[in-house]
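Reading the structure
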Amino acid sequence: MLPVPVTTAAPFLSTIIREMVLNSVRSEHSKRAYGEALDCFLEWYTLEPRLGFLRATVNGWRAALETSGLAASTINVRLAAVRKLAEEASAAGFLDQATAASIAATRSCPSRGVRTGNWLTRAQAEKLLSAPDGATMKGLRDRALLTVLLGCGLRRSEAAALSLEHVQQREGRWVIVDLKGKGGRVRSVPMPSWCKAAIDAWTAAAGMSAGTMFRPVNRGGRIAGKRITPDAIHKTLQKYAAQLGLAIAPHDLRRSFAKLAHRGNAPIEQIQLSLGHASIQTTERYLGVRQDLADAPCDHLGMRIGWKNHIYP
């Protein structure tokens, strides 16, 4: 029964219960985030002797995360994973309910503002898409990958799971159909013609007609696996961003998709649908916009109403 000394707790937590936690969530995004969070917790846990898996231990973990300079949202994800760890351990009979309940009551880190992230200008976006070498197999793959992230606003986990079967024609244009995103929400995302052209160049060179779209390429320019990982996508972007002197992450390409589309007069609700956001407020944060009271939407209705000899423009 936990709590137990570190010498027995750490190996036990890192195998059996860790798998129980990951199996309890359905989203691949959540599995990856929780897995990374538990690995970090266990690494910290084994740095020095602990009294056991107790609320005091989790509070110590929370304090360590806060002093590390991580964002509040990242800290709270890592705390959520540890709370889930306690829940699953209790359900399996490895942790008493009182201890599990006390760990579940560990307070989250308060959010101090919202991280807006970075956006690329149109010129920067065009340079990024031109950075991969189209004369090599890996360059063709990377170019297609970047066009999907920037031209369709996909998350890196969605791009990693994307298959050629997702790309279909709808109403005379190419669309990524039935894409399963965060929270299990399914959406369809239109793609620009230059994105489809980049995908076609990559798949033709790779000799692919079905299956996962983005796959590892070895130094010899040959396919070396069935699927690229989200972490590999992050490293791929960092390579080209460094060449151009840009400080961006994969999610910043998603933000840039929204920002550039909005500047091109795309309706915000259509941007929301492409991104798969459940809330319009989330989309607004991506755009970095706020309500304009001087030039409000109601000023563009184009109606003239007359009441009691007075015309209201």
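Predicted model, so just to flag it, every value in this text is computed and none were measured. (Residues numbered from 1 in each chain as written. Predicted model: local features only at pLDDT ≥ 70, side-chain atom pairs only at ≥ 80, totals over all residues. Heavy atoms only, no water.)

Ranked by internal contacts, the top residues of the largest apolar core, which has 40 residues, are Trp202, Phe214 and Leu253. Where this core is concerned, the elements lending two or more residues are α6 (122–130), α7 (137–152), α8 (156–161), β2 (173–180), α9 (193–206) and α10 (230–244). Considering each element in turn, this core owes the most residues, nine residues, to α7. With 27 residues, the next largest nonpolar core counts Val21, Leu38, Phe53 and Ala81 among its residues. (Core = buried A, V, L, I, M, F, W, Y, C linked by side-chain atoms within 4.5 Å. Buried < 20%, exposed > 50% of the residue type's maximum accessible area, 1.4 Å probe, protein only. Helix = DSSP H or I, 4+ residues; strand = E, 2+ residues; numbered from the N terminus.)

With that settled, consider the packing of α6 against α7. Packing of α6 against α7 brings their axes to within 8 Å, and their N-to-C directions diverge by 150°. Classified by the interaxial angle, the pair formed by α6 and α7 is roughly antiparallel. Of α7, the residues touching α6 (which contributes Ala125, Leu128 and Leu129) are Arg143, Leu146, Thr147 and Leu150. Of the residues belonging to the contact of α6 with α7, the class tally is five nonpolar, one polar and one charged. (Axes fitted to C-alpha atoms, helices over the stretch in contact; angles between N-to-C directions. Parallel < 35°, antiparallel > 145°, perpendicular 65-115°, else oblique. Contact = heavy atoms within 4.5 Å. Nonpolar A, V, L, I, M, F, W, Y, C, P; charged D, E, K, R; others polar.)

Looking now at the pairing of β2. Bridge analysis of strand β1 (residues 167–170) against β2 gives four bridges, and the strand direction is antiparallel. Bridging from a neighbouring strand, Arg170 pairs with Arg173 of β2. The turn linking β1 back onto β2 is made up of two residues, and Glu171 within it adopts a positive phi angle of 55°. In the sheet, β2 pairs with strand β3 (residues 186–190) via four bridges, with the strands oriented antiparallel. Paired with Val175 across the strands is Pro190, a residue of β3. (Pairing = 2+ DSSP bridges.)

What follows deals with the state of the cysteines. For the coordinates displayed, the defined rule picks out zero disulfides. In this structure Cys152 is a free cysteine whose sulfur lies 4.0 Å from that of Cys195, the closest cysteine sulfur available. (Disulfide = S-S within 2.5 Å.)

Turning our eyes to something else, we now look at α10. When the terminal C-alpha atoms of α10 are compared, their 22 Å separation across 15 residues agrees well with the 21 Å that a helix rising 1.5 Å per residue should span. Taken together, the buried positions of α10 are occupied by Pro230, Ile233, Thr236, Leu237, Tyr240 and Ala241. Along the long axis of α10, the arc covered by the buried residues comes to 130°, so they all point the same way. Turned more than 90 degrees away from the buried face of α10 sit Lys235, Ala242 and Gln243, all of them exposed. Here the buried face of α10 lies against α2 (28–45), α6, α7, α8 and α11 (250–263). (Expected span 1.5 Å × (residues − 1). Arc of directions from axis to C-beta.)

Function-wise, these values are silent; they only describe arrangement.
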